[in-house]
Amino acid sequence: MTDPAGLSTRCIHAGELDDAHGSPHTPLYTSTTFKFASTADLLDVVDGRKPGSLYTRYGLNPTIFSLETKLAALEGAEAAWAFCSGMAAETALFLTHGRKGIVCIGDAYGGTMELLAAQLPELGIPTHLLLGSELHGLEAALKTGASLVFFETPTNPTLEVLDIAKISAIAHEHGALVAVDNTFASPVNQNPLALGADFVIHSATKYLGGHSDLTAGALMGSKQLLGAVWNWRKNLGTTISPEIASLLMRSIRTLTVRVERQNATAQIVAETMARHPRVARVYYPGLPDFPGHAVARKQMRGFGGMLTLELKGGYEDAVKTTDQLKLFAIAPSLGGVESLATMPVTTTHHGVAPEERARRGIGDTMIRLSIGLEDAADLIADLEQALA
Ligand SMILES: *Cc1c(COP(=O)(O)O)cnc(C)c1O
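Rules used throughout
- By convention here, each chain's residues receive numbers from 1 onward along its written sequence.
- Given that this is a predicted model, residues contribute local features only at a pLDDT of at least 70 and side-chain atom pairs are listed and counted only at 80 or more, while totals for whole chains, interfaces and linings are drawn from all residues.
- With hydrogens and water excluded, all non-hydrogen atoms of the structure serve as input to the side-chain values.
- Points on a 1 Å grid, built from protein atoms alone, make a cavity when a 1.4 Å probe fits but cannot get out and make a pocket when they are open with protein on both sides within 12 Å along at least 5 of 7 lines; residues with an atom within 4 Å of a point are the lining residues.
- Grid points are joined across faces, edges and corners, and a volume is the space filled by probe spheres set on the points.
- Think of it this way: any DSSP run of H or I at least four residues long counts as a helix, any run of E at least two long counts as a strand, and we number them from the N terminus.
- When checking whether two residues touch, look at their non-hydrogen atoms; a contact exists if any pair is within 4.5 Å.
- Any two of the Phe, Tyr and Trp rings considered here, Trp counted by its six-membered ring, make a pair once their centres fall within 6.5 Å; the pair's planes then place it as stacked at under 30 degrees, edge-to-face at over 60, or tilted in between.
- Relative accessibility thresholds used throughout: buried, under 20% of the residue-type maximum; exposed, over 50%; partly exposed, between the two (1.4 Å probe, protein chains only).
- Here, over-ring charges are defined by two tests on the NZ atom of lysine or the CZ atom of arginine: distance to the ring centre within 6 Å, and angle to the ring normal within 35 degrees.
- A strand pair is defined by DSSP finding two or more bridges across the two strands.
- All axes are obtained by fitting lines to C-alpha atoms, using only the stretch in contact for helices, and the reported angles, taken between N-to-C directions, cover 0 to 180 degrees.
- One heavy atom suffices: a residue is near a molecule or strand as soon as one of its heavy atoms comes within 4 Å of it.
- Only the protein chains shown count as cover for residues, with accessible areas throughout obtained via the Shrake-Rupley method and a probe of 1.4 Å.
- Think of it this way: if more than half of a molecule's atoms are within 2 Å of a pocket's grid points, that molecule is in the pocket or cavity.
- Side-chain classes are defined by residue name, with Ala, Val, Leu, Ile, Met, Phe, Trp, Tyr, Cys and Pro counting as nonpolar, Asp, Glu, Lys and Arg as charged, and the others, Gly among them, as polar.
- Patch building starts from residues that exceed 30% relative accessible area and form no salt bridge, then joins like charges within 9 Å and nonpolar side chains (Val, Leu, Ile, Met, Phe, Trp, Tyr) within 5 Å.
- Any carboxyl oxygen of Asp or Glu within 4 Å of a side-chain nitrogen of Lys or Arg constitutes a salt bridge here.

Draft legend 1. Geometry of the layout of surface pockets. Approximately 1,000 Å³ is the volume found for the largest pocket. Lining the largest pocket are 34 residues, with F65, E68, A79, W81 and K223 positioned closest to its centre. Looking at the lining of the largest pocket, the elements that each hand over two or more residues are α2 (39–46), α3 (62–74), β1 (79–83) and α9 (223–236). Of all the elements, α3 adds the most residues to the lining of the largest pocket, at six residues.

Listed below in structure tokens is the structure:
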């Protein structure tokens with residue numbers, strides 16, 4: 001029963017609750033608890049016989065419910081849970097469906113890597129970390145009984161593109177579930193559930209929020225699979241707050257116009273930088289000679305607002321260039337209206353040993369760019385003056 005309306009229409013109208021006063025969008029209900037006419041009415045909600053609001057940490061709050069209906073609609077999912085961060089969404093998913101083992105393919109967000117490499121193994125959860133080029137090892141890892149395959153695509157910061165349909169088919173053959181972190185692509189450019197994945201995760205802090213002013217996360221999937229996650233979110237206490245839910249809904253209403261513009265600007269910046277004499281290589285799925293381009297064309301509608309430049313010269317030259325940027329802010333994170341630049345060796349991959357960085361193809365002269373909504377000409381001029 002997915003919503004047949006186009007994505008922009010869903011961004012604006014899906015899940016919006018009409019209230020008694022004719023508000024065109026869902027009001028913000030800050031209440032932590034909700035009252036009932038009788039004990040029988042209360043028990044109907046507590047026992048799940050009737051939908052209703054009850055207690056905000058449970059997610060049983062009209063504003064959160066409204067956001068979750070919208071989030072599900074964005075990914076064509078039956079259900080969605082909203083969390084206080086992207087990491088909270090991942091943690092609840094891993095603790096619910098990953099306990100027999102998790103296979104991670106390719107690079108992943110720093111916090112995700114810490115969970116998978118250190119913290120979950122401390123709890124006795126086996127994890128297998130494969131490079132994107134080690135897909136041949138997936139079956140062996142699954143034969144150990146791993147219950148969940150997790151990956152990002154495109155990845156951070158090399159924009160590696162992994163084949164969602166192909167990986168999902170292999171995982172399902174071995175009875176494992178598949179979760180895709182769709183943060184970089186956003187629902188505008190890619191819908192992993194339609195390609196065979198079982199779960200989609202978003203750090204809503206990035207494109208869904210879109211203004212670098214809120215922290216939130218989302219998990220989408222079937223009602224049945226998400227049902228099992230509910231108690232973990234409830235008792236970890238990592239539900240989104242109604243205030244942030246309301247702000248996030250406001251942001252999502254403009255998601256398609258923002259991301260379509262970011263796609264277009266990133267493509268121009270990538271093409272221009274690919275011709276620059278000081279740039280050794282541009283990592284962007286929208287460039288026809290990029291290794292992931294063919295798979296990206298197959299599974300993405302747009303190529304996203306993230307790209308990485310690899311400069312000629314050494315680390316110090318790249319630092320100098322980064323420090324010369326005036327319009328791009330030197331900051332981690334991504335997906336906002338303002339353009340950001342970050343060197344992965346100084347932020348996302350700072351704690352990773354040099355040999356491991358080399359193995360993962362993370363260069364010392366890489367500058368990752370998150371393209372915002374400024375004019376393309378101004379962004380290019382800023383890059384050109386910094387490179388000069
Ligand atoms: C930022 C990010 C996360 C973590 O999200 P938070 O909202 O900061 O917890 C997870 N995955 C990706 C790809 C991210 O960029």
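Read on, since the account is not over.
Draft legend 2. Here's a closer look at the environment of G335. By the element assignment, G335 lies in the loop between β10 (329–330) and β11 (340–342). For the pair G335 and G305, spaced 30 residues apart in the sequence, the C-alpha separation amounts to 7.4 Å. In contact with G335, other than residues within four places in its own chain, are K206, Y207, G210, R258, Q262 and S370.

Draft legend 3. Local environment of the packing of aromatic side chains. According to the stated counting rule, one finds four aromatic pairs in the structure shown. Each ring, one from Y58 and one from W230, has its centre 5.9 Å from the other, and the planes form 75°; the classification is edge-to-face. Placement of the pair is Y58 in the loop between α2 and α3 and W230 in helix α9, with a sequence separation of 172 residues. Taking the centre distance of 6.4 Å and the plane angle of 75° together, the rings of Y283 and F290 count as edge-to-face. Using a relative accessible area of 8% as the deciding quantity, one classes F290 as buried. Every member of this aromatic cluster is reached through a ring pair, and the members are Y55, Y58 and W230. Seen from the ring of F83, R233 lies directly overhead, with NZ or CZ sitting 5.7 Å from the centre. Looking at K234, its charged tip hangs above the ring of Y58, at a distance of 4.8 Å from the centre.

Draft legend 4. Seen up close, the sheet that holds strand β4 (residues 148–152). The strand order β1-β7-β6-β5-β4-β2-β3 describes an open sheet built from seven strands, whose pairing is mixed. Each edge of the open sheet is held by one strand with a lone partner, namely β1 and β3 (127–130). Here the strands of the sheet are splayed against their neighbours by 20° on average, with no regard to which way each runs. Relative to β4, strand β2 (residues 102–105) is paired through four bridges, and the arrangement is parallel. Each bridged residue has a counterpart across the sheet, and for C104 the counterpart in β4 is F150. Those strands touched by helix α5 (residues 110–122) are β2, β3 and β4, and its axis lies near 145° from that of β3.

Draft legend 5. Structural view of the site of the ligand. Neighbouring the ligand are 13 residues, the closest being M87, D181, S203, T205 and K206. When isolated, the ligand has an accessible area of 380 Å², and the protein chains bury 92% of it. For the ligand, the cavity whose grid points lie within 2 Å of the majority of its atoms is the second largest pocket. Broken down by element, the shell around the ligand gets its largest block of residues, three residues, from helix α4 (residues 86–97). Along the lines of polarity and charge, the residues of the shell around the ligand split into four nonpolar, five polar and four charged.

Draft legend 6. Summary view of a nonpolar patch on the surface. A cluster of nonpolar side chains, namely L42, L43 and V46, defines an oily patch on the protein surface of about 220 Å² accessible area. Considering the arrangement of structural elements, one finds L42 in helix α2. The partly exposed category is assigned to L42, whose relative accessible area is 32%.

Draft legend 7. Quick peek at the pattern of salt bridges. Overall, the coordinates contain 11 salt bridges when judged by the stated rule. Between D44 and K50 there is a salt bridge, with its nearest N and O atoms 3.5 Å apart. Classification of K50 by relative accessible area gives partly exposed; the value is 47%. Between E356 and R360 there is a salt bridge, with its nearest N and O atoms 2.8 Å apart. What emerges from the salt-bridge pattern is a single network uniting D107, E134, E356, R359 and R360.

Read these as layout, nothing more, since geometry by itself doesn't imply function.
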